[in-house]
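Close look at the chain arrangement
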Amino acid sequence: MLEDHALVLGGGGVAGIAWITGVVAGLADAGQDVTGADLIIGTSAGANVAAQIGSALPLEELFARQTDPALQAKEIPAELSLAQVAADWAEIMAGVTSAQDALRRAGAYALAARTVPEAERRAVIESRLPSHEWPSRRIVLVAVEAETGEAVEFDSESGAGLVDAVAASCAVPGVWPPVTIGGRRYIDGGVRSSDNADLADGSERIVVISPLGYDSPIQSPVPLRDVVRQLRARGAEVTVIVPDQASAAAMGANPLDPGTRVPAAEAGRAQGREGLPDAAG
């Protein structure tokens, strides 16, 4: 089944969750509510927002969950330097023979890393989501099977619970533990692509909200710039929103810092209120 309108939400840590939420709320303020898409594809931070949108909680309440300290999820503070991750990733990926090989290496790295316990991390994801049940609408959350490097699209028919699917999609290698679902271990779908916008192929209109943008510091087997070019060549109308200067500053250098939530959400909302950019840009 092909969907007419797809919304693609990319990765970017807790700062990315807040920024995407702000952008979506700002677009609605501008009379361009994108949450009614036929298909929502979420990766990492975007998986959290996709699940939150699917909960049917009003956008104003979702925004408040990012900006009101009394409503914010209790996060586990973590340090993540994108520049250092890029350097580490380049070393891990030296000499890869294929995209699948790259993803298997990412999985091996994640499985060997020392992190917080899986249950502790899962509790954070639970607290982020207004509902722990899959919504009736079409939502796809992307992760990668750690041992095989196979990309996996979790949805309501996959057999995975929503909390576990979101946790798997945002299990950053080396930072958070791989997530166990059905006896298999899964890692962040962002190791395949920060956005996985290619999975929206077949949709006539696609809106991509990408916290890491076209020039993500992390190497990807499926770069957003190439995917957008290919989707447009096939006739899709593709609109891409990346952080403007104010949003990038608000999101800061450590996207896993919970302190970025308020400024990132507010900057995202201000950017969203400017409306959707030209789909040809």
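The structure reproduced in this document is the subject of the present report. (Residues numbered from 1 in each chain as written. Predicted model: local features only at pLDDT ≥ 70, side-chain atom pairs only at ≥ 80, totals over all residues. Heavy atoms only, no water.)

Our next topic: the side chain of Ser193. Topologically, Ser193 is positioned in the loop between β6 (184-188) and β7 (205-209). On the basis of relative accessible area, Ser193 is assigned to the buried category, the value being 2%. Polar side-chain contacts of Ser193 include one of 3.2 Å to the backbone oxygen of Val222. Setting aside chain neighbours within four positions, we find Ser193 in contact with Thr43, Ser220 and Val222. (Helix = DSSP H or I, 4+ residues; strand = E, 2+ residues; numbered from the N terminus. Buried < 20%, exposed > 50% of the residue type's maximum accessible area, 1.4 Å probe, protein only. Polar contact = N/O pair within 3.5 Å; in protein donor to acceptor, adjacent residues only side chain to side chain. Contact = heavy atoms within 4.5 Å.)

Residue placement: Glu237 occurs in strand β8 (residues 237-241). For Glu237, a relative accessible area of 44% gives the class partly exposed. For the pair formed by Glu237 and Gly16, sequence separation is 221 residues and the distance between their alpha carbons is 24 Å. Apart from residues no more than four positions distant in its own chain, Glu237 is found in contact with Glu204, Arg205, Ile206 and Ala279.

The next thing to look at is the pairing of strand β3 (residues 138-145). Burial analysis of β3 places seven of its eight residues in the buried class, which makes it a mostly covered element. Across four bridges, the pairing between β3 and strand β4 (residues 151-154) is antiparallel. Along β4, the bridge assignment pairs Val142 with Glu153. Joining the antiparallel neighbours β3 and β4 is a turn of five residues, in which Gly149 adopts a positive phi near 75°. Where β3 meets β6, three bridges bridge the pair, whose relative direction is antiparallel. Across the sheet, Glu145 pairs through a bridge with Tyr186, a residue of β6. (Pairing = 2+ DSSP bridges.)

Taken as a whole and judged by the stated rule, the model has one cavity of 30 Å³ or more. Size it by volume and the largest cavity reaches roughly 110 Å³. Taken together, 13 residues make up the lining of the largest cavity; nearest its centre are Gln52, Gln66, Ala73, Glu75 and Arg128. For the lining of the largest cavity, the elements supplying multiple residues, two or more each, are α1 (13-29), α2 (45-54), α3 (59-67) and α6 (118-128). Considering only residue class, the lining of the largest cavity consists of four nonpolar, five polar and four charged. (1 Å grid on protein atoms, 1.4 Å probe; cavity = no way out; pocket = protein on both sides within 12 Å on 5 of 7 lines; lining within 4 Å. Points joined across faces, edges and corners; volume = space filled by probe spheres on them. Nonpolar A, V, L, I, M, F, W, Y, C, P; charged D, E, K, R; others polar.)

Relative to each other, α1 and α3 sit at 150°, their axes nearing to 9 Å. Considering their axes alone, α1 and α3 lie roughly antiparallel with respect to each other. Here α1 and α3 pass one another in a crossing that is left-handed. Note on element contacts: α3 touches α1 through Leu59, Leu62, Phe63 and Gln66, opposite Ile17, Ala18, Thr21, Gly22, Val24, Ala25 and Ala28. Across the contact of α1 with α3, the residue classes break down as eight nonpolar, three polar and no charged. (Axes fitted to C-alpha atoms, helices over the stretch in contact; angles between N-to-C directions. Parallel < 35°, antiparallel > 145°, perpendicular 65-115°, else oblique. Left-handed = near helix turned anticlockwise from the far one by under 90°.)

This next bit is on the environment of Ala78. Looking at where Ala78 falls in the secondary structure, it is placed in the loop between α3 and α4 (82-92). On the basis of relative accessibility, which here comes to 17%, the residue Ala78 falls in the buried class. The spatial distance from the C-alpha of Ala78 to the C-alpha of Val175 is 7.6 Å, given a sequence separation of 97 residues. In contact with Ala78, not counting residues within four places along its chain, are Val175, Trp176, Asn254, Leu256 and Asp257.

In this structure the tally under the stated criterion is 16 salt bridges. When the shortest N-O distance is used, the salt bridge between Glu60 and Arg269 registers 2.8 Å. In this pair, Glu60 sits in helix α3 while Arg269 sits in helix α10 (residues 261-272), placing the two residues 209 residues apart along the sequence. The partly exposed category is assigned to Glu60, whose relative accessible area is 48%. Owing to a relative accessible area of 9%, Arg269 belongs among the buried residues under this scheme. Residue Asp101 pairs with Arg105 through a salt bridge whose shortest N-O separation is 3.6 Å. Of the two residues, Asp101 and Arg105 are both situated in helix α5 (residues 99-112); the distance of four residues between them amounts to about one turn of the helix. Three or more residues are tied together by salt bridges with common partners; here these are Asp29, Glu60, Arg269 and Arg273. (Salt bridge = Lys/Arg side-chain N within 4 Å of Asp/Glu carboxyl O.)

By size, the foremost hydrophobic cluster in this structure holds 49 residues, and its most contacted members are Leu7, Leu9, Leu141, Phe154 and Ile209. Counting residues per element, this core draws most heavily on α1, at nine residues. The residues contacting Leu9, other than those within four sequence positions of it, are Ile20, Ile40, Ile41, Gly42, Thr43, Gly46, Val49, Ala50, Ile53 and Ile209. In this structure, Val140, Ala197, Val208 and Val240 belong to the second largest nonpolar core, which totals 18 residues. (Core = buried A, V, L, I, M, F, W, Y, C linked by side-chain atoms within 4.5 Å.)

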